[in-house]
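A closer look at the structure
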Amino acid sequence: MSKSFAQIPQAVNEEVKSYAPGSPERAQLLDAYKKMFNEVTEVPQYIGSEEIFSGNKKEIRPPHDHQKVVGYFHEGTQEDVKKAIDTALAAKEAWVAMPWEDRAAIFLKAADLIAGPYRAKLNAATMIGQSKNAMQAEIDSACELIDFLRFNVQYMTEIYADQPISSPGIWNRVDYRPLEGFTFAITPFNFTAIAGNLPSCMALMGNVVVWKPSDKQTLAAKVTMEVFKKAGLPDGVINMILTSGAETAKTVLEHPDFAGLHFTGSTKVFNTLWKQIGDNIDKYRTYPRIVGETGGKDFVMVHKSACPTEVAVGLVRGAFEYQGQKCSAASRAYIPSNLWNEVEKQMKEMLATVTLGSPEDFSNFMTAVIDKNSFEKSKAYIDRANASSEAEVVIGGTYDDSVGYFVQPTVIKATNPKYESMVEEIFGPVLSVYVYDENEFEATLKLVDETSAYALTGSIFAKDRAAVEFASKALKNACGNFYINDKPTGAVVGQQPFGGARASGTNDKAGSAMNLLRWTSVQTIKETFVPAKDYKYPFLEK
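Procedures and definitions
Residues numbered from 1 in each chain as written. Predicted model: local features only at pLDDT ≥ 70, side-chain atom pairs only at ≥ 80, totals over all residues. Heavy atoms only, no water. Helix = DSSP H or I, 4+ residues; strand = E, 2+ residues; numbered from the N terminus. Rg over C-alpha atoms; globule rule 2.2 N^0.38 Å. Buried < 20%, exposed > 50% of the residue type's maximum accessible area, 1.4 Å probe, protein only. Contact = heavy atoms within 4.5 Å. Areas by Shrake-Rupley, 256 points an atom, 1.4 Å probe, with all protein chains shown as cover. Lys, Arg positive; Asp, Glu negative; His and termini not counted. Charge placed at Lys NZ, Arg CZ, Asp CG, Glu CD. Arc of directions from axis to C-beta. UniProt positions renumbered as here; feature names shortened; annotations may be inferred. 1 Å grid on protein atoms, 1.4 Å probe; cavity = no way out; pocket = protein on both sides within 12 Å on 5 of 7 lines; lining within 4 Å. Points joined across faces, edges and corners; volume = space filled by probe spheres on them. Nonpolar A, V, L, I, M, F, W, Y, C, P; charged D, E, K, R; others polar. Domains from an automatic or database assignment. Salt bridge = Lys/Arg side-chain N within 4 Å of Asp/Glu carboxyl O. Pairing = 2+ DSSP bridges. Axes fitted to C-alpha atoms, helices over the stretch in contact; angles between N-to-C directions. Phe/Tyr/Trp six-rings, centres within 6.5 Å; stacked < 30°, edge-to-face > 60°. Polar contact = N/O pair within 3.5 Å; in protein donor to acceptor, adjacent residues only side chain to side chain. Core = buried A, V, L, I, M, F, W, Y, C linked by side-chain atoms within 4.5 Å.

1. A closer look at the overall build of the chain
Across its full length, the chain holds 16 helices and 23 strands. Its C-alpha atoms give the chain a radius of gyration of 25 Å, within 12% of the compact-globule value 24 Å for 542 residues. The dimensions of the chain, computed from C-alpha atoms along their principal axes, are 85 × 70 × 50 Å. Looking at the 542 residues of the chain, the share that counts as buried comes to 56%. Sequence separation of at least 24 residues holds for 78% of the intrachain contacts in the chain that already meet a minimum separation of 6. Summed over all atoms, the accessible surface of the chain reaches about 22,800 Å², with 51% contributed by carbon and sulfur. Taken as two groups, the 57 positive and 66 negative side-chain charges of the chain have centres that lie 3 Å from each other.

2. Considerations on helix α14 (residues 441-451)
For an α-helix the count is 3.6 residues per turn, leaving residues at separations of three or four pointing the same way. Within α14 the residues assigned to the buried category are Phe441, Thr444, Leu445, Leu447, Val448 and Thr451. Seen along its axis, α14 keeps its buried residues to an arc of 160 degrees; they face one direction. Across from the buried face of α14, at angles greater than 90 degrees, the exposed residues are Glu442 and Lys446.

3. Here's the deal with the UniProt feature "domain: Aldehyde dehydrogenase" (unreviewed entry) in the chain
The UniProt feature table records "domain: Aldehyde dehydrogenase" (unreviewed entry) at residues 58-525. Counted over residues 58-525, helix gives 42% and strand 20%. Its end C-alpha atoms are 51 Å apart.

4. Notes on the layout of surface pockets
One number sums up the size of the largest pocket: a volume of about 1,100 Å³. In terms of lining residues, the largest pocket is bounded by 39 residues, among which Pro188, Phe189, Gly265, Ser266 and Val269 are the most central. It is helix α9 (residues 267-279) that contributes the most residues to the lining of the largest pocket, six residues altogether. Residues that form the lining of the largest pocket fall into these classes: 16 nonpolar, 16 polar and seven charged. Structurally, the lining of the largest pocket is a two-domain feature, drawing no fewer than three residues from each of domain 1 (24-294 + 505-525) and domain 2 (299-484).

5. What to know about the pattern of salt bridges
Note on pairing: side chains with opposite charge can pair once their charged atoms come close. Tallied over the entire structure, the rule returns 30 salt bridges. Between Lys216 and Asp371 there is a salt bridge, with the nearest N and O atoms lying 3.6 Å from each other. Residue Lys216 is found in the loop between β8 (209-212) and α7 (218-230), and its partner Asp371 is found in the loop between α11 (340-351) and α12 (372-387); the two are separated by 155 residues along the sequence. For Arg518, the salt bridge is made with Asp508, and the minimal N-O distance between the two is 3.2 Å. One end of the pair, Arg518, is in the loop between α16 (513-517) and β23 (520-528); the other, Asp508, is in the loop between β22 (501-502) and α16, and ten residues separate them in sequence. According to the relative accessible area criterion, Arg518 is partly exposed, its value standing at 24%. One salt-bridge network, in which partners are shared between bridges, spans Glu14, Asp112, Arg119, Glu138 and Arg150.

6. So, the sheet that holds strand β17 (residues 410-414)
What the seven strands build is an open sheet, ordered β14-β17-β18-β13-β12-β20-β21; its pairing is mixed. Taken across any chain shown, the strands that pair with only one partner, and hence form the sheet edges, are β14 (391-395) and β21 (481-484). Between one strand axis and the next, the sheet turns through 20 degrees on average, direction left out of account. Against the sheet, α12 touches β14, β17 and β18 (430-436), its axis set at about 115 degrees to β14. On the sheet, α14 packs against β12 (298-302), β13 (330-336), β18 and β20 (457-461) and is oriented at approximately 165 degrees with respect to β13.

7. Overview of the side chain of Thr126
Tracing the sequence through the fold places Thr126 in helix α4 (residues 119-130). Looking at Thr126, the relative accessible area reads 0%, which means it is buried. In this view, Thr126 contacts Ser131, Lys132, Ala137, Asp140, Ser141, Thr192 and Ala220; residues no more than four positions away in its chain are not counted.

8. Thoughts on the packing of aromatic side chains
Overall, the coordinates contain 14 aromatic pairs when judged by the stated rule. Consider the rings of Trp100 and Tyr160, whose centres lie 6.4 Å apart with planes at 75 degrees: the pair is edge-to-face. With a gap of 60 residues between them, Trp100 in helix α3 (residues 100-115) and Tyr160 in helix α5 (residues 134-161) connect regions that are remote in the sequence. The exposure class of Tyr160 is buried, given its relative accessible area of 18%. When the ring of Phe263 is compared with that of Phe270, the centres are 5.3 Å apart and the planes differ by 20 degrees; the resulting orientation is stacked.

9. Looking at the environment of Glu450
Considering the arrangement of structural elements, one finds Glu450 in helix α14. What makes Glu450 partly exposed here is its relative accessible area of 48%. Spatially, the C-alpha atoms of Glu450 and Ala491 are 24 Å apart, while their sequence positions differ by 41 residues. Side-chain polar atoms of Glu450 contact the side chain of Lys446, separated by 2.7 Å.

10. With respect to the environment of Glu144
On the secondary structure map, Glu144 appears in helix α5. Every residue in contact with Glu144, bar those within four places of it in the chain, is listed here: Ile139, Phe191, Ala193, Ala491 and Val493.

11. So, the nonpolar core
Counting residues in hydrophobic clusters, the biggest one holds 98 residues, and the most contacted among them are Phe107, Trp211, Ile238, Phe258 and Leu261. Top element by residues in this core is α5. It accounts for twelve residues. Here Phe107 is in contact with Trp95, Leu149, Val153, Ser200, Ala203, Leu204, Phe228 and Leu233, once residues within four sequence places are set aside. Within the second largest apolar cluster, 34 residues are counted, among which are Tyr334, Ile426, Val430 and Tyr434.

12. Overview of empty space enclosed by the protein
According to the stated counting rule, one finds two cavities of 30 Å³ or more in the structure shown. Of the volumes computed, that of the largest cavity is approximately 90 Å³. Taken together, 14 residues form the lining of the largest cavity, with Gly324, Lys326, Ala329, Ser331 and Phe427 sitting closest to its centre. Residue composition of the lining of the largest cavity, by class: seven nonpolar, four polar and three charged. By volume, the second largest cavity amounts to about 30 Å³. Taken together, Asn152, Asn197, Cys201, Ala510, Gly511, Ser512, Asn515 and Leu516 form the lining of the second largest cavity.

Structure, rendered in structure tokens:
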């Protein structure tokens, strides 16, 4: 065991590579993409030391080329879920006993593996399986996951160093124990970084994990598990299962040793899981921790003093990067009447240059939405807007699923601020705009706050500082991440801890010490050096 107070390397944000023509990273990524695209990858479950190929194979098809089969994931059963739980619990004692420096070293090594030899492979898997362009894959599956791993190690050491004061003759300290039992991570399709962070941050704090990734993210999840294994993660600490969501939740949430849920996904699913936990509360050894980041209907509020070009750029990037499939994506915008014509004109000019297609073609700003259901959902909102007397499609509005699930970037202008596309989460490349009277700024702020059940991200564009200050107060509870003169997307680990409240989740801020604390159970220890030998206190003397 170490006889020193180790200092970990200072965490810094991973540099985003440019992938400019002629750059070495561009060539490496294209080679990795072509290789993986033209192979057939088999994705197993990882339970303990085993890679389980069930034979019940489910096709993996790129959303941008849905006729192409690039691999299969091997779907598991509820017996596999039970095995994963038992395996995790069996690995717990040794993992908890491992010095924190060794746990830190595993995940720091994982970060360096992603930064180096696995970078192109993980980015390519994300591009193929989740239809991200090269830049969106780079900032997600490479840089953000690297940042999560490195900064979480730093946050862990800061947490462990946070100790209470002691009185004379007494030594007070706290032990940041892992939770008693096993933890459960459910991760989404849209961010490889989130998929890697949710199980690994719990494991870093000494917990053992059953991890269920989205079946739309299995290519990148496989590479993530390869990295963890290569970094020296002991067998059984993180177990990746590929099983039915509803059945798996029932099996996991009925287990007496279930200790915590780390979730990113839809509000509806999270609500269902929370209810199940409540129904099973008498079965548990301890009250489970519940951490969830869910939906969003993220706003851009524009003041009459704003720069139209800055607004247009913020909306194009915020609404349409990764096809609007970010929980933070700009989905509703409130634009004053004095700026709308210019903002609309510039957005039309910008979006006329946007092309959709395969992420293998680096000139494509957008690719496909994730699957048929997502395509049909976006299509339905567009069709209803075209038929509505309360809305009109002013930009885009076309779609085609003959090759891939492509939806053109679409802007709906609503005359009713409570029109459905202004209120409901779409999770596609559809931005809704309400043009308000430029002199009704304060009333419109109230509208922004009350329109949506969600409270994830939002932004204000204004040159007038008084307007910024007023909006910041009025929208204090309308979002967990607030941006001033910027798009409401692109939170960076270590800079903007991410999360929202209301129907957007528990606001436990991924990418911060606040989140890691949720995966500890603190024990306070008081040691008295010279114990009393008489029960009497001085006040008792006559």
